[in-house]
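Residue-level structure breakdown
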Amino acid sequence: MSDYRAIGAVSASIRDLLIAKMEQGVSVSIAPPDVEVQQIGAGRINLFLYKVEENVALKNADLPGLGNPGAYGRPPLSLDLHYMVTAYGETEEEQVATHHILGDAMRVLHDNAILFPPELSPELRNEVEHVKLYLEPLSLEELSKIWTSVTRPLRLSACYHVSVVRIESRNVRKYARPVGEPPAGGPRVRAVTFRAPRIEQVFVIRKGDVTNRERPVAYARIGDRLVLRGTDFTSVVEGMRVLLGNADATASVLKVEPHRVEVTIPDDAGLVAGPTRVVVQTDLLIGEPETPHRGFSSNVAAFVLIPEITALNLDANADPQTLEIVGTRLFDEELETIVIVGNEIIAFNNNSVLTPASLLFELPALAAGAYDVRVRVNGAESLDEKSVVIP
């Protein structure tokens, strides 16, 4: 790695390269254009370092092999150098000879765009990065600014970008102390291999269905069975929980297999009619003594919990007639509840008695006949085929 002499070493390396490989017998100088240099021979090439800038791509890059994961970074200073190469003829009138000299110098720099150790000064022999030369096109205005700044008339020149030169930092590297042994009885780290469970499909088995048919339409009532199909339901053996909405239905799980879980929908106060999320969650036993902790959750699936009608009680002798609907999840004070008799939407009044298990209300004047009865709560409508006969 180079020290503070790296910039001068690059200039000397380019000068020596031009002297060794140019076909024209000219001298090579390193000086600003306004400095008079004694010419030797029939011409001269001058190297003028007009700009030095930091290489931002390597600003925080440490030296290969020296950086340590536990060390505080001490990256080297990475620089890009910008040179102006100017040709001078033996006399001012010999412009063609000046063009030849410049063309010869540019050919040498093109053929040796990467400076390898034989062409490098001794100070650069341990460089990690190659020193590379690029022809840098400058506009006539930019080139004129350089000559104007040194109060000299514009001469034929070519500019080169040299990258990258790295100067090692002299700051002492600091290394963090290694982690010591934990105190007796201190924290313990337990690594658990797992694959999170995933729910791919939700099916429903209706209660009372002797065929146990798994229905792909996930509309279910309290007491129906949900069948969750997916993967890795038994990947962690410490425990598993099934969460339905805000209710923990783990106690109602009937069967657990790697790709299938069957659970009965419990009559839990946390379950309300409408769209309901389903999550399978694995538990971990952690600590001393071991206690269950929340582990890894599956993706969120969903089903629709619908109200259920179990019985209809018509009081035809009342004036007006009243109808009582008995069932589950028929009413919730915070959710919209609608009763549909035939095609009529029933309007509740002050005489209506509404509870989650029973709806008692007055019927409008209806013609004699049989009418289907449905209850809709939170957009979820009952599917029971129940009808009332008006005499």
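Residues numbered from 1 in each chain as written. Predicted model: local features only at pLDDT ≥ 70, side-chain atom pairs only at ≥ 80, totals over all residues. Heavy atoms only, no water.

When its secondary structure is counted, the protein shows 3 helices and 25 strands. Classification of the 391 residues of the protein by burial places 40% in the buried group. Counting contacts in the protein only where the partners sit at least 6 residues apart, residues at least 24 apart contribute 67% of the total. Accessible area of the protein: about 22,000 Å², with a carbon and sulfur share of 52%. (Helix = DSSP H or I, 4+ residues; strand = E, 2+ residues; numbered from the N terminus. Buried < 20%, exposed > 50% of the residue type's maximum accessible area, 1.4 Å probe, protein only. Contact = heavy atoms within 4.5 Å. Areas by Shrake-Rupley, 256 points an atom, 1.4 Å probe, with all protein chains shown as cover.)

Attention now moves to the environment of Ser144. Relative to the helices and strands, Ser144 is located in helix 3 (residues 140-149). Spatially, the C-alpha atoms of Ser144 and Leu154 are 6.3 Å apart, while their sequence positions differ by 10 residues.

The next subject is the pairing of strand 3 (residues 77-89). The element strand 3 is largely enclosed, with a buried count of 12 among its 13 residues. In this structure, strand 2 (residues 43-54) lies alongside strand 3, joined through 11 bridges in antiparallel fashion. Bridging from a neighbouring strand, Asn46 pairs with Thr86 of strand 3. (Pairing = 2+ DSSP bridges.)

The next point concerns helix 2 (residues 95-111). Compared with an ideal rise of 1.5 Å per residue, which puts 17 residues at 24 Å, helix 2 spans 24 Å between its outermost C-alpha atoms and is within 8% of the ideal. Those residues of helix 2 not exposed but buried are Thr98, Ile101, Leu102, Asp104, Ala105, Val108 and Leu109. The buried residues of helix 2 occupy an angular sector of 155° when projected down its axis, which confines them to one face. Among the exposed residues of helix 2, those oriented more than 90 degrees off its buried face are Val96, His110 and Asp111. Tucked inside the fold, the buried residues of helix 2 contact helix 1 (6-21), strand 2, strand 3, strand 5 (131-135) and strand 6 (157-167). (Expected span 1.5 Å × (residues − 1). Arc of directions from axis to C-beta.)

This brings us to the pattern of salt bridges. Should the charged atoms of two oppositely charged side chains come close, the side chains can pair. This structure, assessed with the given rule, holds 21 salt bridges. Residue Asp209 pairs with Arg215 through a salt bridge whose shortest N-O separation is 3.4 Å. Judged by its relative accessible area of 17%, Asp209 is buried. One network of salt bridges, with partners in common, ties together Glu214, Arg225, Arg229, Arg260 and Glu262. (Salt bridge = Lys/Arg side-chain N within 4 Å of Asp/Glu carboxyl O.)

A few words now on the packing of aromatic side chains. Geometry of an aromatic ring pair is reported as the spacing of the ring centres plus the angle between the planes. As enumerated under the stated definition, the model contains 2 aromatic pairs in all. Between Phe348 and Phe361, the aromatic rings sit 5.9 Å apart at their centres with planes inclined by 70°, giving edge-to-face as the arrangement. Highlighted residues: Phe348 in the loop between strand 20 (344-345) and strand 21 (353-355) and Phe361 in strand 22 (residues 358-362), separated in sequence by 13 residues. Seen from the ring of Tyr88, Arg44 lies directly overhead, with NZ or CZ sitting 4.0 Å from the centre. (Phe/Tyr/Trp six-rings, centres within 6.5 Å; stacked < 30°, edge-to-face > 60°. Lys NZ or Arg CZ within 6 Å of the ring centre and 35° of its normal.)

Ranked by internal contacts, the top residues of the largest apolar core, which has 31 residues, are Val10, Ile14, Leu18, Met22, Ile45, Leu109 and Val162. For this core, the secondary-structure elements that each account for two or more residues are helix 1, strand 2, strand 3, helix 2, strand 5 and strand 6. With 6 residues, helix 1 is the single largest residue contributor to this core. Apart from the residues lying within four places of it in its own chain, the contact partners of Leu109 are Ile14, Leu17, Leu18, Val85, Leu133 and Tyr160. (Core = buried A, V, L, I, M, F, W, Y, C linked by side-chain atoms within 4.5 Å.)

This paragraph deals with the sheet that holds strand 13 (residues 260-264). Sheet strands pair via backbone hydrogen bonds, and the direction of the pair is either parallel or antiparallel. One open sheet accounts for 4 strands, arranged 7-9-13-12; its pairing is antiparallel. The open sheet is flanked by strand 7 (198-205) and strand 12 (253-257), the only strands paired with a single partner. Each strand axis lies, on average, 15° off the axis of its neighbour in the sheet, ignoring direction. Bridging between strand 12 and strand 13 involves 4 bridges; their strand directions are antiparallel. (Axes fitted to C-alpha atoms, helices over the stretch in contact; angles between N-to-C directions.)

Turning our eyes to something else, we now look at the sheet that holds strand 18 (residues 322-328). Here 4 strands make up an open sheet; going across it, the order is 17-18-22-21 and the pairing antiparallel. Across the chains shown, the open sheet's two edge strands, defined by having one partner strand only, are strand 17 (308-315) and strand 21. With strand direction ignored, the average angle separating the axes of adjacent strands in the sheet is 20°. Direction of pairing for strand 21 relative to strand 22: antiparallel, over a ladder of 3 bridges. Bridging across to strand 22, Leu354 finds its partner in Leu359.

Going from Ser163 to Val164, the amide bond is cis rather than trans, its omega being 0°. Positive phi values are uncommon outside glycine, yet Thr151 reaches one of about 50°. Along the chain, Thr151 falls in the loop between helix 3 and strand 6. A relative accessible area of 61% places Thr151 in the exposed class. Despite not being glycine, Asn212 shows a phi value in the positive range, around 55°. In this structure, Asn212 sits in the loop between strand 7 and strand 8 (219-220). Overall, the relative accessible area of 40% leaves Asn212 in the partly exposed class.

A separate point is helix 3. Of the residues making up helix 3, those classed as buried are Leu143, Ile146 and Trp147. Projected onto a plane normal to the axis of helix 3, the buried residues spread over an arc of 95° and lie on a single side. Pointing more than 90 degrees away from the buried face of helix 3 are the exposed residues Glu141, Lys145, Thr148 and Ser149. On its buried side, helix 3 packs onto strand 2, strand 3 and strand 6. Directly beyond the C-terminal end of helix 3, a positive phi value near 50° is found at Thr151.

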